[in-house]
Amino acid sequence: MKTVIVIGALGKMGQAALSGLKNHKVITAGRSGEVDHIVDITDEQSIINLYEQVGHFDAVVNTVGYCEYATFDEMSESQWMTTVTSKMMGQINLVRIGQRYIAEGGSFTLISGILNVKPIPMAIADATTSGAIDTFVKCVAYELPRGIRINAINPTVLEEAWAVYGEMMPGFQPVPSALVGKAFERSVAGFITGEVLFVDA
Ligand SMILES: NC(=O)c1ccc[n+]([C@@H]2O[C@H](COP(=O)([O-])OP(=O)(O)OC[C@H]3O[C@@H](n4cnc5c(N)ncnc54)[C@H](OP(=O)(O)O)[C@@H]3O)[C@@H](O)[C@H]2O)c1
């Protein structure tokens, strides 16, 4: 059994991750609501506070990555930066800071999303930052110390989120949260590193 911090635990992707981590000791974190620790992944000090408060942990599973949606022409620099600050740098900072706190042989699991390989209108910032995260895990895996592993989960849309995103995604087949949960489980419990785990129908 590993001690796993799940960030964004109350969100749809957080719930998917939790479904795959039932054999582990889970510590929940998020920006608001009924979680064990409050954290804002866009704030370095907040990330430091989370790791300091938790103490010992073997894995970090992050499911947070706020994205703005607009056409490329209409998306402002501020909307780009909001997305980059959360989905890209927020996740990179969780690893950059967390590598000093996580147990030897621990793991980080980040979230990307299928839109970097199956683009749709309005989602250029989500797609671009998802691609950045996929590249980040593949490359930083070579640099992490003390046997620390890192992977990204790259799912298609969840069945549980189809009511929100389905209209934007004609021709996509949603997948159940439980299936995506298996990918999180494989990343946390296995020995793979530097991999992008695609979950698509
Ligand atoms: N849902 C899908 O089908 C799907 C598929 C593929 C990829 N993804 C990716 O998964 C990620 C999460 O999506 P989701 O559907 O789970 O979203 P969601 O249901 O809106 O949940 C997001 C969670 O993250 C929290 N959060 C937002 N900003 C935060 C921050 N700066 N620090 C800490 N917590 C923060 C939110 O807290 P508050 O309630 O306080 O805002 C909320 O609990 C996104 O990057 C998305 O692109 C989603």
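Heads up: the structure comes first, above all this text.
Residues numbered from 1 in each chain as written. Predicted model: local features only at pLDDT ≥ 70, side-chain atom pairs only at ≥ 80, totals over all residues. Heavy atoms only, no water.

Q: Quick one: what's the story with the site of the ligand, residue by residue and with numbers?
A: Around the ligand there are 23 residues in total, and Met-13, Arg-31, Ser-32, Gly-65 and Leu-158 lie nearest to it. Within the contact set of the ligand, an oxygen atom lies 2.9 Å away from a side-chain nitrogen or oxygen of Lys-87. Across the complex, the protein chains shield 81% of the 900 Å² of accessible surface that the ligand would expose by itself. Its residues placed into classes, the shell around the ligand shows ten nonpolar, eight polar and five charged. (Near = heavy atom within 4 Å. Polar contact = N/O pair within 3.5 Å; in protein donor to acceptor, adjacent residues only side chain to side chain. Areas by Shrake-Rupley, 256 points an atom, 1.4 Å probe, with all protein chains shown as cover. Nonpolar A, V, L, I, M, F, W, Y, C, P; charged D, E, K, R; others polar.)

Q: Give a detailed account of the packing of helix α1 (residues 12-19) against helix α6 (residues 177-189), specifying residues and quantitative values.
A: Two elements in contact, α1 and α6, have axes separated by 7 Å at closest approach and are oriented at 65°. The pairing of α1 with α6 is recorded here as roughly perpendicular in orientation. Seen from above, α1 lies across α6 with right-handed handedness. Two secondary-structure elements touch here, α1 through Met-13, Ala-16, Ala-17 and Ser-19 and α6 through Ser-177, Ala-178, Val-180, Gly-181 and Phe-184. By residue class, the composition of the contact of α1 with α6 is six nonpolar, three polar and no charged. (Axes fitted to C-alpha atoms, helices over the stretch in contact; angles between N-to-C directions. Helix = DSSP H or I, 4+ residues; strand = E, 2+ residues; numbered from the N terminus. Parallel < 35°, antiparallel > 145°, perpendicular 65-115°, else oblique. Left-handed = near helix turned anticlockwise from the far one by under 90°. Contact = heavy atoms within 4.5 Å.)

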